[in-house]
Amino acid sequence: MKPEPSPTAAAVPSPRGDAASAPPLVTVITPVYNAADYLREGLESVQRQTIGRERIEHLLVNDGSTDGSGELLDRWAEEHADNTRVIHQEASGGPGGPRNRGLADARGEFVFFLDADDWIGDEALERMVAAARENGTDVVMGKVVGTNGRPDKKQAFVKHLPRTTVFDSYAFWSVGPWKLFRTSLLRDHGLRFPTDMLFGEDSVFVTAAFLHAGAISILTDYPYLHLRRRDDGGNVTALGTTDPVGAAKQWINTVDVTCETIRGFRLGPHQEGYLFKRLLHLQCKSAVRYLRRIKDPQVRAEIHGRIKDVVAKWATPATMRQLKPAAQVLYRALPTATIDEIGALAARFDDVAMTGVRGRVYAALPEWTGEGGAADFERWAVDVTELFPVRVKVAEESQQDGALVFEGHIGFAHVPKDRLEAVLVARLRGTATEVPVPVALDEGRFTAELPLEPLLEAAPGRGRQWDLLLRVAFEDYAVDEPLCATRDLERRQTAFDLAVRDEQGTKPVGQRYLTQMRGRMAIELRPWAWQRPVRSVRNRAAAAAGRSRAKLRSLRSR
């Protein structure tokens, strides 16, 4: 069934004047090299665009094809002479050259790069242009769907974000060129594809565009682009199946050149590390996996050395802190491991898991913690306790029958939530006195009920503060993490009075409040409050401030 037109599609105004003489709204650039059997669907999809054929300029750049692609393109251009033009050039050895050639001739306000074996949805350009104009974005990326066995590009499109940045989204997890770019962005910053890279040139180009862009749109409401896996293995990124040496070198080069591009923007360490981690986690990991498929020992040693060099160069402390546990193990082993050991670790990459050992949390393979695995654990396991700390957030709280009821969630990255245990602990400040209560856990969500009577009995006759903690345990690791209110709860309920009920009725006994340290939850109990009303922390602070102002006015009047 054909999708309904988007509400934003109508936002693109119709051109004024003579359509033939008006500059196009979008220039579609398609580099072509020996793709005769795959061209038609892409060519036809451009002509079917609901934005209107008269508003599109389709530049087809034949990069020295030898399979008849050039002749097919010439015939197509004759049949669609009003908006299609063919440019013939000598084979350049990669897609960067023909894309740059098309970009030099582009007349559209926007540019879209469409590879020869892919195609776009009928409403793709209309929706993308509307998004760019409505949200003031310079780059628009639409949902990508794989066909003929090619996987979807899912991670970058987990959420529909009409206006975002590369640091506030997963945009960097899709650096293919199949996006709508504002032409002025590319020309104002002189952006071009590298021409000396067989693949990975799009990573360099798109990275620079992302970082120069004022904002980005990520659209998930329509199948914008269909990526095809070619039956003849002609996809450039399929090189690894036939030439693991060439593929490994290309991936290493992609990481190195893209990181150099990022470094040129002089970002802060956290932002730089956020981008570097994606390159190390995906591209560099691919190069490592090819090591086992390289037969020549001398070539394997060369590739191993180049991988170590690029990781040592770009795996900054900020980058390493953001890598997933499996990547922590792989890259920390890289300087000392043999080629076979690195290959074996890469082959088991997805099996690395978190484990609690001797009061710490480690990233390790499961067998390293078993009998006979001690030596491997000592050599390869990585302590990630500080990298992935526990976080406890309370989203809802209430007071019921003399007890505080908390509902919230436990954040513990990469740890299976069904293997966590927890106890709510009220700790009398400045002492070792604790009152523990059980917690109900469900996939990281928790509910706990803290009765007030035991706290009153533990410190009778005096006002004391109790800090509220969640003791979280994972295997042989446990940590006391303060209960913290979510921002929403903190806005709604900074503090409230506490009471207990007996045969004489409801009696105020104190207050639950938030400390100034990250909104941590605490309780102040005042048994003498049974004889007088409880004043909130906020009211007491306001009264003290009022007295200070009065004193200051008195001093000034003298």
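Residues numbered from 1 in each chain as written. Predicted model: local features only at pLDDT ≥ 70, side-chain atom pairs only at ≥ 80, totals over all residues. Heavy atoms only, no water.

Engineer: Would you mind going over helix α3 (residues 96-105) with me for this structure?
Structural biologist: Residues spaced three or four apart along an α-helix point in a common direction, a consequence of the helix completing one turn every 3.6 residues. Counting buried positions over the 10 residues of α3 gives seven, a clear majority of the element. Of all the positions in α3, only G96, G97, P98, R99, N100, G102 and L103 are classed as buried. Buried residues belonging to α3 abut β1 (26-32), β2 (56-63), β3 (84-89), β4 (110-113), α5 (183-188) and α6 (201-212). (Buried < 20%, exposed > 50% of the residue type's maximum accessible area, 1.4 Å probe, protein only. Helix = DSSP H or I, 4+ residues; strand = E, 2+ residues; numbered from the N terminus. Contact = heavy atoms within 4.5 Å.)

Engineer: How do you make sense of the pairing of strand β7 (residues 144-147) when you look at a structure like this?
Structural biologist: Consecutive side chains of a regular strand alternate in pointing toward one face of the sheet and then the other. A two-sided burial pattern is seen for β7, the buried positions comprising V144 and G146 on one face and V145 and T147 on the other. Here β7 runs beside strand β11 (residues 225-228); their pairing, made up of four bridges, is parallel. Residue pairing for β11: T147 is matched across the bridge by R228. (Pairing = 2+ DSSP bridges.)

Engineer: Just to check I follow, could you spell out the layout of surface pockets for this structure?
Structural biologist: Take a probe with the size of a water molecule and roll it over the atoms, and the empty space left behind shows itself. Estimates place the volume of the second largest pocket at around 410 Å³. For the lining of the second largest pocket, the element with the highest residue contribution is helix α8 (residues 269-290), accounting for six residues. Residue composition of the lining of the second largest pocket, grouped by class: seven nonpolar, six polar and four charged. (1 Å grid on protein atoms, 1.4 Å probe; cavity = no way out; pocket = protein on both sides within 12 Å on 5 of 7 lines; lining within 4 Å. Points joined across faces, edges and corners; volume = space filled by probe spheres on them. Nonpolar A, V, L, I, M, F, W, Y, C, P; charged D, E, K, R; others polar.)

Engineer: What should I look at first to understand a negative patch on the surface in this one?
Structural biologist: A surface patch of like charges, here negative, comprises D37, D67, E71, D74, E78 and E79. On the secondary structure map, D67 appears in the loop between β2 and α2 (69-79). Overall, D67 belongs to the partly exposed group, its relative accessible area being 34%. (Patch = residues over 30% accessible without salt bridge, like charges linked within 9 Å, V, L, I, M, F, W, Y side chains within 5 Å. Areas by Shrake-Rupley, 256 points an atom, 1.4 Å probe, with all protein chains shown as cover. Salt bridge = Lys/Arg side-chain N within 4 Å of Asp/Glu carboxyl O. Lys, Arg positive; Asp, Glu negative; His and termini not counted. Charge placed at Lys NZ, Arg CZ, Asp CG, Glu CD.)

Engineer: Looking at this model, I keep getting lost on the pattern of salt bridges. Mind explaining?
Structural biologist: Opposite charge on two side chains makes pairing possible when the charged atoms of those side chains draw close. With the rule as written, the count across this model stands at 38 salt bridges. One salt bridge in this structure joins R99 and E201, with 2.7 Å as the shortest N-O distance. Residue R99 is found in helix α3, and its partner E201 is found in helix α6; the two are separated by 102 residues along the sequence. Given a relative accessible area of 2%, E201 falls into the buried group. Taking the shortest distance from any N to any O, the salt bridge between E260 and K313 comes out at 3.0 Å. Here the residue E260 occupies a position in helix α7 (residues 244-263), and K313 occupies one in helix α9 (residues 297-314), the gap between them amounting to 53 residues. A residue is classified by how much of its surface remains accessible, and E260, at 40% relative accessible area, is partly exposed. Owing to a relative accessible area of 40%, K313 belongs among the partly exposed residues under this scheme. Connected through salt bridges with shared partners, the residues E109, R133, D138 and R182 form a single ionic network.

Engineer: How should I be thinking about unusual backbone geometry in this particular structure?
Structural biologist: In the Ramachandran plot, R266 falls in the positive-phi region, its phi being about 55° despite a non-glycine side chain. For R266, the position within the fold is in the loop between α7 and α8. For R358, which is not glycine, the phi torsion reads 50° and is therefore positive. Using a relative accessible area of 53% as the deciding quantity, one classes R358 as exposed.

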